Amino acid sequence: MNTETISQLPKAELHLHIEGSLEPELLWQLASKHQVSLPYQSVEEIRAAYQFEDLQSFLDIYYQGASVLRDEEDFYQLMWRYLCRCREQNIVHAEIMFDPQTHTERGVGFEVFMPGFLRAIKDAESQWGMSAMLIMSFLRHLSEEEAMDTLEFAKPYYAHITAVGLDSSEVGNPPSKFERVFARARELGFKCVAHAGEEGPPEYIWQAIKLLGVDRIDHGVRCEEDTELMAYIKMRQLPLTVCPLSNLKLRVISAMQQHNILRLLEEGLLVTVNSDDPAYFGGQLNANYQALCDALDMTEVQLRQLAINSFKASFLDDSIKQKWI
Ligand code: HPA
Ligand code: ZN
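Each chain carries its own residue numbering, running from 1 in the written order of its sequence. Here chains are named by letter from A upward and ligands by number from 1 upward, in the order in which they appear as written. Reporting of local features is limited, given that this is a predicted model, to residues whose pLDDT is at least 70; pairs of side-chain atoms are given and counted only at 80 or more, and all residues count toward the totals for whole chains, interfaces and linings.

Let's shift gears to the site of ligand 1. Each residue gets a C-beta atom placed from its backbone. If that atom is within 6 Å of a molecule or strand, the residue is near it. His17, Gly20, Leu55, Tyr62, Asp167, Ser168, His195, Glu198, Ser246, Asp276 and Asp277 make up every residue found near ligand 1. Amino acid classes used here: Ala, Val, Leu, Ile, Met, Phe, Trp, Tyr, Cys and Pro are nonpolar; Asp, Glu, Lys and Arg are charged; the rest, including Gly, are polar. Residues belonging to the shell around ligand 1 are distributed by class as follows: 2 nonpolar, 5 polar and 4 charged.

This paragraph deals with helix H8 (residues 144-153). Buried, partly exposed and exposed are defined by the number of other C-beta atoms within 10 Å of a residue's own C-beta, namely 20 or more, between the two limits, and 12 or fewer respectively, with C-beta atoms placed from the backbone. Secondary structure elements follow DSSP: runs of H or I of four or more residues count as helices, runs of E of two or more count as strands, with numbering from the N terminus. The set of residues buried in H8 consists of Ala147, Thr150 and Leu151. For H8, the angular spread of the buried residues around the axis is 100°, confining them to a single face. Opposite the packed face of H8, turned more than 90 degrees from it, sit the exposed residues Glu145 and Glu152. Its buried side turned inward, H8 meets helix H6 (100-104), strand S3 (131-139) and helix H9 (179-187). Directions drawn from the helix axis to the C-beta atoms are what define this arc. Contacts here follow a simple rule: the backbone-placed C-beta atoms of the two residues must lie within 7 Å.

The next subject is the nonpolar core. The nonpolar core criterion groups buried Ala, Val, Leu, Ile, Met, Phe, Trp, Tyr and Cys residues into a set whenever they are joined through C-beta atoms within 7 Å. Met79, Ile96, Phe117, Val164, Cys192, Ala194 and Ala208 are the most contacted members of the largest nonpolar core, which totals 92 residues. Aside from chain neighbours lying at most four places away, what touches Val164 is Ile135, Met136, Phe138, Phe182, Ala185, Phe190 and Cys192.

Moving on to unusual backbone geometry. Glycine aside, residues mostly have negative phi, and peptide bonds are mostly found in the trans state. Of note, His219 is a non-glycine position whose phi angle comes to about 75°, a positive value. With respect to the secondary-structure elements, His219 resides in strand S6 (residues 216-219). Positive phi outside glycine occurs at Asp297, with the angle close to 50°. In this fold, Asp297 is placed in the loop between helix H15 (285-296) and helix H16 (300-312).

A word on the UniProt feature "active site" (unreviewed entry) in the chain. The sites that UniProt annotates as "active site" (unreviewed entry) are Glu198. Here Glu198 shows up in the loop between strand S5 (191-196) and helix H10 (202-210). Not counting residues within four places of it along the chain, the set of residues in contact with Glu198 comprises Leu55, Glu170, His219 and Val252. UniProt positions are given in the numbering used here, feature names are shortened, and annotations may be inferred rather than shown by experiment.

Take the environment of Asp277 next. Counting through the fold element by element, Asp277 comes out in the loop between strand S8 (271-273) and helix H14 (278-281). Note on Asp277: 26 C-beta atoms within 10 Å, which makes it buried. Put simply, Asp277 and His17 are 260 residues apart on the chain and 5.8 Å apart in space, counted from C-alpha to C-alpha. Apart from the residues lying within four places of it in its own chain, the contact partners of Asp277 are His17, Gly20, Tyr62 and Ser246.

The subject of this paragraph is the confidence of the model for the chain. Regions with low pLDDT carry predicted coordinates that are not meant to be interpreted in detail. Per-residue confidence from the prediction method is given by pLDDT, with values spanning 0 to 100. On average, residues of the chain score 97 in pLDDT, and 100% of them are at 70 or above. Per the prediction output, this complex has pTM 0.98; the corresponding ipTM is 0.95.

An axis is simply a line fitted to the C-alpha atoms; with a helix, the fit covers only the stretch in contact. Between two such axes, the angle follows the N-to-C directions and lies from 0 to 180 degrees. Between helix H5 (residues 72-89) and helix H7 (residues 110-128), whose axes approach to 7 Å, the crossing angle comes to 30°. Between H5 and H7, the angle is such that the two are roughly parallel. Between H5 and H7 the crossing geometry is right-handed. Here Glu72, Glu73, Asp74, Phe75, Tyr76, Met79, Trp80, Leu83 and Arg87 of H5 come into contact with H7, specifically with Val112, Phe113, Pro115, Gly116, Phe117, Arg119, Ala120, Ile121, Asp123, Ala124 and Trp128. Broken down by class, the residue content of the contact of H5 with H7 amounts to 13 nonpolar, 1 polar and 6 charged. Working definition: roughly parallel below 35 degrees, roughly antiparallel above 145 degrees, roughly perpendicular at 65 to 115 degrees, and oblique for all remaining angles. Crossings are assigned a handedness: left-handed for a near helix turned anticlockwise from the far helix by less than a right angle, right-handed for a clockwise turn.

Set out below in structure tokens:
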């Protein structure tokens, strides 16, 4: 498939961690601005260090990288650079995750990062008309009480947050640990998503659905191991936000040829393509579509269906979705 076809297709991105869009160049620049010492001597060394064995080995480096984000302008720059990449790739709508606890734990509060994020989003909306929503993700290696505190700290910004999510180290931190905080978030009117079935078993996907009441599953690729679960996800048309290059880099699969996304698509599941943490996994959204084309002989019909699915699975109003479907 032609790279041009991929890049010209209007797309939505639904699974993107803004902290995971921090490119080595900006990381380097901010480390020098704030005099943070890094265990690397150059931008090239940073990039070379991005080799992972699994989710945890990635998360260790990802949290270390995020520590250079200190003031409002840093968060503006981070968001602005991602939104400019959206423009280049014809991503017309993005639902962007942020991890408040990665920042509040080191004394950087909502009053620092939220104004930076919101100003960048406003600039992109006014300059080229793209839309963006924010998903506040709780770190699952921390306690439910800390997630509850985070939900409380976010109060002044509720109007600017569309959904809550759950990310970080999956195995050993099942969705059941966060039942109360998700119930509270639903009461407050937030949409809910959760990472499940990336490294964790199908049981975690069931829990995200049944105990957290999620509207979407992030990753979810291990649903294929449970036929009943697959049938249920299909029946409900619960979207899966799949991240091919992430799955390869974190060794959820050992080769792109093994990726199950097209099998899930042909089964009738509402799967979408996303970049997860593009600065760390070696490709933006269009590169993820390209990798599927190259490894799986994806047809143009399948490509177009995946792009349509990205709008169907979004939290946009139905009237706006119609424009893209
Ligand atoms: N999985 C879990 N947590 C994360 C990820 C991911 O792919 N990316 C950033 N935080
Ligand atoms: Zn993710």
